[in-house]
Amino acid sequence: GTLVLVADDHPTNRALLVRQVNMLGYAAESAENGRDALAKWQTGRFGMVITDCNMPEMNGYELARSIRALEPPGGSRCPIIACTANAHSGEDDVCRAAGMDDYLAKPVELKPLSKKLDRWLPIPRLGASVDRAVVAAISGGDAAVEMEILADFQRANETDAAVLEQAVAATDAPAVTRAAHRIKGAGRMVGANALAVACETVERAGSSVDWGAVAEGMAKFRHEIDRLNAYCDRARCASLT
């Protein structure tokens, strides 16, 4: 239900957009023209279509109209996002008149692409462990570098988490505050926002020497650390396949 179909007649554009979609946590397949895309869409496997507007054999507008004509009345509507270099005034109306739901201007950047995906095809992420758009921006779009960043972050967290747990066990409030602050800062740098929020709770509780609040914050912290480690392990395995 969250498989994305990317249609573009230029092989470089097509490969780049697929890679960007993958970076944001979605699986994607591609088609080199509208006719090919329509045939693939009819398999019923795709939750969204991102299409170039100007393609041979069948352009993006024709593809959108064909999809809308084939969708059953009252059934689910497949989001269609135009991908166009014609970012002039009125293009949005042209796209919507053809049955498209939204559009992206070329060259496509990760942040607007992420917003479109989150709006039209949200993945149930449980507050996602890592905002992949942040990591992708840091890595310059290099998947290997992204894995290195996450691996380094995971290793550093193991050490820092141990320090935090020791500080809590010793009821050393200043040490708790320092350790939580350190992990929070690193988490925000790589987009581990849920972990950073949990650390901020522990940091504030440590600053006010509220051990009940520290205990509550640590429960959330441990949960987010487990989710983060699972995420990093999955990402590493996926990079090897």
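Residues numbered from 1 in each chain as written. Predicted model: local features only at pLDDT ≥ 70, side-chain atom pairs only at ≥ 80, totals over all residues. Heavy atoms only, no water.

Caption draft 1: Layout of the overall build of the protein. A count of helical and extended segments in the protein gives ten helices and five strands. The proportion of buried residues among the 241 residues of the protein is 46%. Across the protein, every contact between residues at least 6 apart in sequence was considered, and the portion connecting residues at least 24 apart equals 63%. Separation between the mean location of the 27 positive side-chain charges and that of the 32 negative ones in the protein comes to 2 Å. (Helix = DSSP H or I, 4+ residues; strand = E, 2+ residues; numbered from the N terminus. Buried < 20%, exposed > 50% of the residue type's maximum accessible area, 1.4 Å probe, protein only. Contact = heavy atoms within 4.5 Å. Lys, Arg positive; Asp, Glu negative; His and termini not counted. Charge placed at Lys NZ, Arg CZ, Asp CG, Glu CD.)

Caption draft 2: Broad picture of the environment of Leu 17. Assignment of secondary structure puts Leu 17 in helix H1 (residues 11-23). With 29 residues separating them along the chain, Leu 17 and Phe 46 place their C-alpha atoms 16 Å apart. Those residues in contact with Leu 17 that lie beyond four places of it in its chain are Val 6, Ile 50, Cys 83, Val 108 and Leu 113.

Caption draft 3: Region of interest: the pattern of salt bridges. Counted by the stated rule, this structure contains 17 salt bridges. For Asp 8, the salt bridge identified is with Lys 106, shortest N-O distance 3.0 Å. Of this pair, Asp 8 sits in the loop between strand S1 (4-7) and H1 while Lys 106 sits in the loop between strand S5 (102-105) and helix H5 (110-120); the two residues are 98 residues apart in sequence, bridging distant segments of the chain. In this structure, a network of salt bridges that share partners links the residues Arg 68, Glu 71, Arg 77 and Asp 101. (Salt bridge = Lys/Arg side-chain N within 4 Å of Asp/Glu carboxyl O.)

Caption draft 4: A look at the pairing of S5. Side-chain alternation along S5 places Asp 102 and Leu 104 on a buried face and Tyr 103 and Ala 105 on a face that remains uncovered. Pairing geometry for strand S4 (residues 80-84) and S5, over four bridges, is parallel. Note on S5: the bridge partner recorded for Ile 81 is Asp 102. (Pairing = 2+ DSSP bridges.)

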